[in-house]
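Observations on chain architecture
Read off the chains here:
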Amino acid sequence: MKLEAPMNMIAIPPLVVLLLLLNSGMAQSTPFPVRVGVVVDMDNYVGQMGLNCITMALSDFYTKHGHYQTRLVLTKRDSEKDVVGAAAAALDLLKNVQVQAIIGPLSSMQAPFMIHLGNKSKVPIITFSASSPSLLSIQSPYFVRAALGDSSQVKAIAAIVKAYGWREAVPIYVDNEFGHGIMPFLADSLEKVNVRIPYRSVIPSFATDDQIVAELYKLMRNQTRVFIVHMRTTLGSRLFSKAKLLGMMSEDYVWIITDGMTNELTSMDRSVIEEDMQGVIGVKPHIPKSEELDKFTFKYKKEIQLQNPTNHDMNLNIFGLWAYDSAVALAMAVEKARIRNATFLKKGSDSTAPTDLEGFGVSSIGTELIQMLSNITFRGLAGEFKLVEGQLESPPYRIINVIGAGARVVGYWTKGDRKNPPKGWVTPTNGKKLRIGVPVKLRFFEFMRITWNSDNSTKVEGYCKEVFDMVIEALPYGVEYEYVPFATSDHKRAGSYDEFVYAVYQGEFDAAVGDVTIIANRSQYVDFTLPYTESGVSMVVPIKNDKSKKAWVFLKPLTWKLWLTSFCSFVFMGFLIWILEHRINEEFRGPLWHQVGTIFWFSFSTMVFANRERVVSNLSRFLLIIWFLVVLILTQSYTASLASMLTVQELKPTITDVNELIRNKETVGYHNGTFVFELLKGLNFDKSRLLAYDSPEEMHELFRKGSAKGGISAAFDEIPYVNLFIAKYCSKYIMVGPTYKTDGFGFAFPIGSPLVPDISRAILNVTEGKKMMEIENRWFKNDTTCADSSEFSSSNSLGIESFWGLFMIVGIAGVIALIIYVTSFLYENWHVVNRGSDAETTTLASKSLELLQRFNSKDITSHTFKKYERRVNHNGCGCDCARIVMEPSNEYFHPSPSTFSHNSPGNNGPPSRMSSSPEAQAGCFTIRHEGEESNAIEQDQDQQSASTVAQETH
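Residues numbered from 1 in each chain as written. Predicted model: local features only at pLDDT ≥ 70, side-chain atom pairs only at ≥ 80, totals over all residues. Heavy atoms only, no water.

**Some words on the pattern of salt bridges**
Applying the stated criterion across every chain yields a total of 18 salt bridges. Linking Arg232 and Glu264 is a salt bridge whose minimum nitrogen-to-oxygen distance equals 3.9 Å. Of this pair, Arg232 sits in the loop between strand 8 (226–230) and helix 9 (233–245) while Glu264 is found in the loop between helix 10 (259–262) and helix 11 (270–276), placing the two residues 32 residues apart along the sequence. Among the ionic pairs, Arg704 bridges to Glu701, the shortest N-O distance being 3.9 Å. In this pair, Arg704 and Glu701 are both assigned in helix 22 (residues 696–705), three residues apart and thus about one turn of the helix distant. We classify Arg704 as exposed; its relative accessible area is 60%. (Salt bridge = Lys/Arg side-chain N within 4 Å of Asp/Glu carboxyl O. Helix = DSSP H or I, 4+ residues; strand = E, 2+ residues; numbered from the N terminus. Buried < 20%, exposed > 50% of the residue type's maximum accessible area, 1.4 Å probe, protein only.)

Here you go:
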């Protein structure tokens, strides 16, 4: 085979090869374009400024970083100041342009739908002006706010209000997403500085002047004169103009504006500022001065003047700076992500989708891009660019005051790093511990128990001690302390509780911990913390068992409403069964009073399932199945409740009135060493009639003796001790009122101790937790099985709320059955209802009367009344056949004796149930219904008589 070179192969000079290689290298160094959408309001000042700043930012950035391998290519869309317009613009960019990021929108109202689109397509949505805090609540990792949220300024506003000592403030905000978003954060910040919001003024975004004036008149009628305005300058300028006209810009009023207006003060009408807003206070993010900012500001003004020489509104505000920084951050993130040939991954199309919202795909680089963007940090024109939880980190704020044609900075607010300010004092470091005094108790060791060891050291236990330990642990700082008993040298109690508290006042102890009640005379010497137990002094008396039963106790298991409902239900069910059975069942027919009696007898006999009347209608059987279930549940519940009332003891206190004790000069007991003794003397008890006890056992023994034998008839003690006593002797004693209020147990400290407020706050945290319940269960839980005193009271009666579901089921079933029956009855007698108008009896009354008559008559078509006649032509006999009537099988109907014929002579069998005739002998039968019964019987009798006469004549 001969091989020849192709005709198109020619020699290539080396110089040409070198040029091709250079061109190839230049082609490879060409940057990769990355499409980015921009959605702003083109005819809005902020929108135009933001778009210009974004364009200038990319120009400056790529001039400095010409070696970058990526370039952002902008595609602009006008949102036309509309939520739908912004959504349509974003949808067009995602579907048709397939942008990898969108900068915008301007307003918080336009943002939510765009955020959802970005989340669905995994395309970052970057806004430099939508500031509502509620936008971050939308679960989208692809939303970035390259600006400050409105929640960043609320602490600065609260600091202003607190600094001037104002106790109330009224927020005035626009009724949209921008206005509502800040309110939860503003309310929380004001609450933390004890500032109340008595009223919220909400103004529609498109409010007329009359609406604004009407709202201002409402504010004038209120007492509060401190207003916090949160809205954009378009509506805000109108608000201040009307407030000026109404005289609300005087020295008696305080107006504070948020950065929604302060950021745009330079673009507002100067006449509004100079005439209507003098003295207004505001907050504004602090922008640090820099050489780059000054250069860009000069360059921006020059650029705007070149674009439109007649435009004198060239002021640059913070929104333009945020737009500039957001574009720079996005360009840096795209380069760091090393994006090459970014595409959209198409999703499977759904032919059933009614719109094209599913038409766009998912960005292939969106996840990586948002991660890079979240980690970008640099020094921008507006300050440090650093994203924290999807938005710019909060900077310091400037406090401005509107004076003349502009605003003057009067102060700064800086966010502190510490959650709590310095306390100003610490526990001494010289090794001295706080001496915590504890009482020596003779009984009631559950509250405090002190045990002395052989080396004279002590072991302190008890409920009060554990609560104090837990409170100290909850403090934000450490406190060293030791327990010191309030005792004599022989380990006895050193004095009363009043003396124990007074020892803190004298400096013997640094604090008193125990079952110490907070009362007025003790608070003159010490400062008490908040109580950690329930408060009050109550009376304890023995229980008497009242076994007498009342004659009408059988009515108590059910409330009168349930009795009435049950009675009506029984009558309703009996009446309904009568309706369903009246035309087809002889048991439900007869004279009027017989039928009324049947209704009541049948319905109430179902209560004991003693009804003997048979029902033949399927609807009746269906209802009775449901009704029997209801009756069974109702009777069983009644039986159980009545049995409980008859067997449970009715326990009552022996004494319920304190005045009765005083009047009868009864002896009462009190806890030794407590303030209860003074309380009883203040209630006019005779001192000689007061006996002290030291333990629950001693108290119980005094009750057993009784007042007549040197004991007591009642005892007064603090509720914690009473609860402990009743838990041990619950079946014998009961606590009765009234309760004499005290503040419960508290910890005592020297007056002015800085520990008191901190420990009080810690007590609130401790008492609301689970650990407090664990301590109470550990010390006060009685091991003896003891029923609660409420178990000895009369059982509650059963109410209609326990059975309304059953009665509702019965009612629904009954109504359904009645509707079915009435529909069937009207269908059978439709010829009566639909009778023509030419008849004389065509009035509604006549038709109704005839329908009632038909209802009252028997239903001869029912199987319960039907009789059968058969006419049979034996062997094709064409003779006239006599009728043989077969009696119905219904046992309720008894045939006439004339219907029976005896057997022929010589036949001793039972009489036949057929009337004999020549036709019968020929085998002819006729089917006959009950309606023909009486005539047939008479005709048969006449034929038999005529036949007999004919035979005799013959």
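**Considering the pairing of strand 26 (residues 668–671)**
Here strand 26 shows no split at all, with Val668 and Tyr670 on one side and Gly669 and His671 on the other all buried. Two elements, strand 26 and strand 27 (residues 690–693), share four bridges in a ladder whose sense is parallel. From the neighbouring strand, Val668 faces strand 27, where its bridge partner is Leu690. Handedness of the β-α-β unit built from strand 26, helix 21 (residues 676–682) and strand 27 comes out right-handed. When strand 26 meets strand 28 (residues 714–718), the two strands line up parallel, connected through three bridges. Pairing of Val668 across the sheet is with Ala714, part of strand 28. (Pairing = 2+ DSSP bridges. Right-handed = clockwise from strand over helix to strand, strands pointing away.)

**Quick word on helix 14 (residues 366–374)**
Residues of helix 14 that are buried: Gly366, Leu369, Ile370 and Leu373. What you see down the axis of helix 14 is that its buried residues fit within an arc of 95°, all on one side. Turning to helix 14, the residues buried within the fold contact strand 3 (101–103), strand 4 (125–127), strand 5 (143–145), helix 13 (318–336), strand 12 (362–363) and strand 14 (383–388). (Arc of directions from axis to C-beta. Contact = heavy atoms within 4.5 Å.)

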